[in-house]
Amino acid sequence: MTTAPVPQNERQLQLLSCIARHGQALSARDLAAQTGQPLSTVYRQLLALKKWGLVQEHQHSGHYEAGPLALQLAWSYDQHSWLIAAARSEIDRLVERSGESVGLLCHLNGQVMCIALQDSPQALRCSFAKGRAHVTVRGASAKALLAYLPADSQQELITADFLSQVPQSAAALDALQAQLQQIRLQRYATSESEVDAGIWGVSVPVFSAHQQLQATLSLMAPLQRSLGRQPELITLTLAAADRLSSRLQQT
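Residue numbers restart at each chain and count upward from 1, following the sequence in its written direction. In view of the model being predicted, local features appear only for residues whose pLDDT reaches at least 70, and side-chain atom pairs are presented and counted only at 80 or more, with totals across whole chains, interfaces and linings using the full set of residues. Values shown for side chains rest on all heavy atoms present in the structure; no hydrogens or waters enter the calculation.

Draft legend 1. Geometry of the pairing of strand S6 (residues 189–192). Only one face of S6 is covered, namely the face carrying Ala-189 and Ser-191; the face carrying Thr-190 and Glu-192 is uncovered. As paired elements, S6 and strand S7 (residues 199–208) share four bridges and run antiparallel to each other. Bridge assignment links Glu-192 to a residue of S7, and that residue is Trp-200. When accessible area is computed with a 1.4 Å probe and restricted to protein chains, residues below 20% of their type maximum are described as buried, those above 50% as exposed, and intermediate ones as partly exposed. Helix and strand assignments follow DSSP, with helices taken as H or I runs no shorter than four residues and strands as E runs no shorter than two, numbered in order from the N terminus. Strand pairing follows a simple DSSP-based rule, namely that at least 2 bridges must link the two strands.

This is the structure in structure tokens:
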């Protein structure tokens, strides 16, 4: 699969995205290798990002990590995002009615990101955390988003994931396509131990005006606790996502 070159005026954003996605400090050489930018260009772009506080150098390693301005941006987004503001009451209500953890996830630049999360009062061990990126093809949240992406974006993500699998399986690819079609028909996705062992989840896409995909509302529970309750949890999540979509379409 070939990737279109990043325009020159977006190279700083590409570096920021790479640092954010990785989740820890990276060397300039790592950034050059991952973005395809010349090392001299990477150093030049990092100087500007450091000046504005978007990245900083790690005290000991000299590697580059998110800077303090990134924290200010994150706080502003969390407090003032119209999507999160609209979703908060539905997330709280779904947690209260189900007794399980609920998250809001969106698709961004080839990754699935958790932008809001309300933990259950009951124990749950999973990899979902606010601000953390996840794979784009596995798990209920990823598939609920993938099923409604534009055809070209969907195919690009599926192809990239398929090529990364060893051994590659045409049958697995066909099975995924069938799954995505079923998700569109039933309007939700479920998964069991696809991302985290022993975790069951259900995800329902959320739309704004003109059926524009915004996010997916996802409920996660330990598999054993979900047994016998899965139809109820699916119904609760569908209803919450439908109310949120209706609210978004009225604003």
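Draft legend 2. Expanded view of the pattern of salt bridges. Put simply, a salt bridge is a Lys or Arg side-chain nitrogen that is within 4 Å of an Asp or Glu carboxyl oxygen. Applying the stated rule across the entire model yields ten salt bridges. Here Arg-187 makes a salt bridge to Asp-242, at a shortest N to O gap of 2.9 Å. Here Arg-187 is found in the loop between helix H8 (170–186) and S6, whereas its partner Asp-242 is found in helix H10 (residues 230–250), with 55 residues between them in sequence. Of the charged contacts in the structure, one is a salt bridge between Arg-229 and Glu-232, with a shortest N-O distance of 3.2 Å. On the basis of relative accessible area, Glu-232 is assigned to the partly exposed category, the value being 38%.

Draft legend 3. Just the sheet that holds S6, in detail. The strand order across the open sheet built from six strands is S5-S4-S3-S8-S7-S6, with neighbouring strands paired in antiparallel fashion. Edge positions in the sheet fall to strand S5 (133–134) and S6, since each has one partner strand and no second. As judged from the two bridges shared by strand S4 (residues 111–118) and S5, these two strands associate in the antiparallel manner. Bridge pairing in S5 links Val-112 to His-134. Set on the sheet, H10 makes contact with strand S3 (101–108), S6, S7 and strand S8 (212–222); between it and S7 the angle comes to about 20°. Throughout, a residue-residue contact means that at least one pair of heavy atoms, one from each residue, lies within 4.5 Å. Where helices are involved, their axes are fitted lines through C-alpha atoms of the stretch in contact, as for all axes, and angles between N-to-C directions lie from 0 to 180°.

Draft legend 4. The arrangement of the packing of helix H7 (residues 151–164) against H8 in detail. For the pair H7 and H8, the least separation of the axes is 11 Å and the interaxial angle reads 145°. Note that H7 runs across H8; the crossing there is right-handed. Contacts from Gln-154, Gln-155, Ile-158 and Phe-162 in H7 reach Ala-170, Leu-173, Leu-176, Gln-177, Leu-180 and Arg-184 in H8. Residues are grouped as follows: Ala, Val, Leu, Ile, Met, Phe, Trp, Tyr, Cys and Pro are nonpolar; Asp, Glu, Lys and Arg are charged; all remaining types, including Gly, are polar. Residues of the contact of H7 with H8, tallied by class, amount to six nonpolar, three polar and one charged. Two helices that cross are described as forming a left-handed crossing if the nearer one is turned anticlockwise from the farther one by less than a right angle, and a right-handed crossing if clockwise.

Draft legend 5. The arrangement of helix H1 (residues 11–22) in detail. How far a helix is expected to stretch is found by multiplying one less than its residue total by 1.5 Å. For H1, built from twelve residues, the straight-helix expectation of 16 Å at 1.5 Å per residue is met to within 8% by its first-to-last C-alpha distance of 17 Å. Turning to H1, its buried residues number three or more, namely Leu-15, Cys-18 and Ile-19. Along H1, the residues classed as buried sweep out an arc of 95° about the axis, all on the same side. For H1, exposure combined with an orientation more than 90 degrees from the buried face picks out Leu-13 and Ala-20. The elements touched by buried residues of H1 are helix H2 (28–35), helix H3 (39–51), strand S1 (55–57) and strand S2 (64–66). A positive phi of about 85° marks Gly-23, the residue just after H1. Think of the arc as the fan of directions from the helix axis to the C-beta atoms.

Draft legend 6. How the structure looks around the nonpolar core. One finds Ile-91, Leu-104 and Leu-217 to be the most contacted residues of the largest nonpolar core, which totals 29 residues. Breaking this core down by element, the ones donating at least two residues are helix H5 (82–98), S3, S4, S7, S8 and H10. Here this core gets eight residues from one element, more than from any other, and that element is H10. Excluding residues that lie within four positions of it along the chain, Leu-217 makes contacts with Ile-91, Leu-94, Val-102, Gly-103, Leu-104, Val-202, Ser-203, Val-204, Val-206, Thr-237, Ala-240 and Ala-241. The criterion is simple. A nonpolar core is a set of buried Ala, Val, Leu, Ile, Met, Phe, Trp, Tyr and Cys residues joined through side-chain atoms within 4.5 Å. One finds Leu-105, Phe-128, Leu-157 and Ala-189 within the second-largest nonpolar core, a separate group that totals 22 residues.

Draft legend 7. Geometry of the pairing of S4. Across seven bridges, the pairing between S3 and S4 is antiparallel. What sits directly across from Val-102, in S4, is Gln-118. Hairpin connection from S3 to S4: two residues lie between these consecutive antiparallel strands, with Asn-109 at a positive phi of about 50°.

Draft legend 8. Highlighting the environment of Thr-159. Note that Thr-159 resides in helix H7. With relative accessibility at 26%, the residue Thr-159 sits in the partly exposed group. Spatially, the C-alpha atom of Thr-159 lies 8.9 Å from that of Leu-173, the residues being 14 residues apart in sequence. Separated by 2.8 Å, the side chain of Thr-159 and the backbone oxygen of Gln-155 make a polar contact. Any pair of nitrogen or oxygen atoms within 3.5 Å is treated as a polar contact; in protein, a donor-acceptor pairing is required on top of that, and neighbouring residues in sequence qualify only through side-chain atoms on both sides.

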